[in-house]
Amino acid sequence: MIFGRSQRGKPPVEPVTLKILVAGGFGVGKTTLVGAVSEIRPLRTEELLTEAGRPVDDVRGVENKHTTTVAMDFGRITLREDLVLYLFGTPGQERFWFMWDELSEGALGAVVLADTRRLEDCFAAVDYFERRGIPFVVGVNRFDGSARYPADSVRRALDLDADVPLVMCDARDRESVKEVLIEVVQHAMAHATDHRRTVSTP
C-alpha cells in the first residue's frame, strides 16, 4: 500500500538470489542453522556416525552427536521481497573438504560458525575463505553450558583481520540466524564496493 492505495497493478518483483555458505568444524551447528532459518524443508545429506569413523572423527565436546553431513545442507530464506538467499552448509570433517571448492563456486559470502569449546576446529574454514578472498562473518554459536567469552577475546584467538565481523548467535533461533545472514550480505556488499573502488583507482 502507498498513500492508502493498492499496488495490485504493479508487476511482481523478480528477486535477486544470492548464494551463502555455512562452514565450520564438525558438530558446530551448521545443519541446525540452515534448518532453523530455511523456509523450505532443508535438503540434508546426513549419515550415522559409525565405529569405523571414530579414529578420524574427533567427537570431544560433541559426544551426543550421532550423525554427520557428508555432502551438504541446502536451504532457502527470503530476507526481502527482492532478496532471496540460498544456503549451502559444508561438511565439517577433513575427509570431505574436497567438496568445498565446488560448493564455494559463485558464493557471495560465508558464515564461519565457531564453538568456543573447540575453537581450533574453525581455523581451516577461516583460512579457506581468507585465501580465496571470499568475504565471511564469524558466528560464535552459544551452546548451552559453554563458557562465554568477550568478542574481542574470540577475535584475538582466531587472529581475525579487523574488518571481519564477529557476532554471537544461537544456531537454533531463527531471528538470531537472520541477523547473522544480514551481516554476511552487508559485509559482502561492502567488500565488493571496496574492491571496485580499488580496481577503478588509477
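## What to know about the overall build of the chain
Part 1 of the argument: Looking only at helices and strands, one finds five helices and seven strands in the chain.
Part 2 of the argument: Along its sequence from the N terminus, the chain presents helices and strands in the succession β-α-β-β-β-α-β-α-β-α-β-α.
Part 3 of the argument: A buried classification covers 42% of the 202 residues belonging to the chain.
Part 4 of the argument: Within the chain, counting contacts between residues at least 6 apart in sequence, those at least 24 apart form 72% of the total.

## Considering the pairing of strand S6 (residues 136-141)
Part 1 of the argument: Where burial is concerned, most of S6 is hidden: six out of the six residues are buried.
Part 2 of the argument: With burial as the criterion, each face of S6 is covered, one bearing Phe-136, Val-138 and Val-140 and the other bearing Val-137, Gly-139 and Asn-141.
Part 3 of the argument: As paired elements, strand S5 (residues 109-114) and S6 share five bridges and run parallel to each other. Among the inter-strand pairings, Leu-113 is bridged to a residue of S6, identified as Gly-139.

## Notes on the confidence of the model for the chain
Part 1 of the argument: Of the residues in the chain, 76% have a pLDDT of 70 or more, and the chain-wide mean is 82.
Part 2 of the argument: Scored below 50 in pLDDT, residues 1-6 shows three contacts in the model against residues more than four places distant or in partner chains.
Part 3 of the argument: Scored below 50 in pLDDT, residues 48-57 shows 14 contacts in the model against residues more than four places distant or in partner chains.

## Topic: the pattern of salt bridges
Part 1 of the argument: Scanning all chains against the criterion turns up eight salt bridges.
Part 2 of the argument: Between Arg-80 and Asp-82 there is a salt bridge, with the nearest N and O atoms lying 2.9 Å from each other.
Part 3 of the argument: Assessed through its relative accessible area of 49%, Arg-80 is described here as partly exposed.
Part 4 of the argument: Between Arg-131 and Asp-127 there is a salt bridge, and its shortest N-O distance comes to 2.7 Å. Of this pair, Arg-131 and Asp-127 both sit in helix H3 (residues 123-132), four residues apart, roughly one helical turn.

## So, helix H1 (residues 30-37)
Part 1 of the argument: Buried within H1 are the following residues: Lys-30, Thr-31, Leu-33, Val-34 and Val-37. Viewed along the axis of H1, the buried residues span an arc of 160°, placing them on a single side of the element.

## Looking at the environment of Gly-139
Part 1 of the argument: Along the polypeptide, Gly-139 turns up in strand S6.
Part 2 of the argument: Spatially, the C-alpha atoms of Gly-139 and Glu-183 are 9.9 Å apart, while their sequence positions differ by 44 residues.
Part 3 of the argument: Residues within four places of Gly-139 in sequence aside, it is in contact with Val-112, Leu-113, Ala-114, Val-167 and Cys-169.

## Topic: the packing of aromatic side chains
Part 1 of the argument: Overall, the coordinates contain six aromatic pairs when judged by the stated rule.
Part 2 of the argument: With 6.5 Å between their ring centres and 10° between their planes, Trp-100 and Phe-129 make a pair best called stacked. Residue Trp-100 is located in helix H2 (residues 100-104), and its partner Phe-129 is located in helix H3; the two are separated by 29 residues in the primary sequence.
Part 3 of the argument: One aromatic cluster is present, formed by Trp-100, Tyr-128, Phe-129 and Phe-136 through successive ring pairs.
Part 4 of the argument: Over the aromatic face of Phe-88 sits the side chain of Lys-19, whose NZ or CZ is 4.8 Å from the ring centroid.

Rules used throughout
- Residue numbers restart at each chain and count upward from 1, following the sequence in its written direction.
- Per-residue local features of the predicted model are confined to residues with pLDDT of at least 70, and side-chain atom pairs are confined, for both listing and counting, to 80 or more; whole-chain, interface and lining totals are unaffected and use all residues.
- Calculated side-chain values reflect all of the structure's heavy atoms, with hydrogen atoms and water omitted.
- The way it works is that DSSP assigns letters per residue, a run of H or I at least four long becomes a helix, a run of E at least two long becomes a strand, and they are numbered from the N terminus.
- Burial classification: accessible surface area is computed with a 1.4 Å probe over protein chains only, and a residue below 20% of its type maximum counts as buried, one above 50% as exposed, and the rest as partly exposed.
- Note on definitions: a residue-residue contact is assigned when non-hydrogen atoms from the two residues lie within 4.5 Å.
- Two strands qualify as a pair provided DSSP detects at least 2 bridges between them.
- Confidence of the predictor in every single residue is expressed as pLDDT, which spans 0 to 100.
- Any Lys or Arg side-chain nitrogen found within 4 Å of a carboxyl oxygen on Asp or Glu counts as a salt bridge.
- This arc corresponds to the set of directions leading from the helix axis out to the C-beta atoms.
- Geometry of aromatic contacts follows a simple scheme: Phe, Tyr and Trp rings, the Trp one being its six-membered ring, pair when their centres are within 6.5 Å, and the pair is stacked under 30 degrees between planes, edge-to-face over 60, tilted otherwise.
- Look at NZ for Lys and CZ for Arg. If either is within 6 Å of the ring centre and within 35 degrees of the ring normal, a charge sits over the ring.

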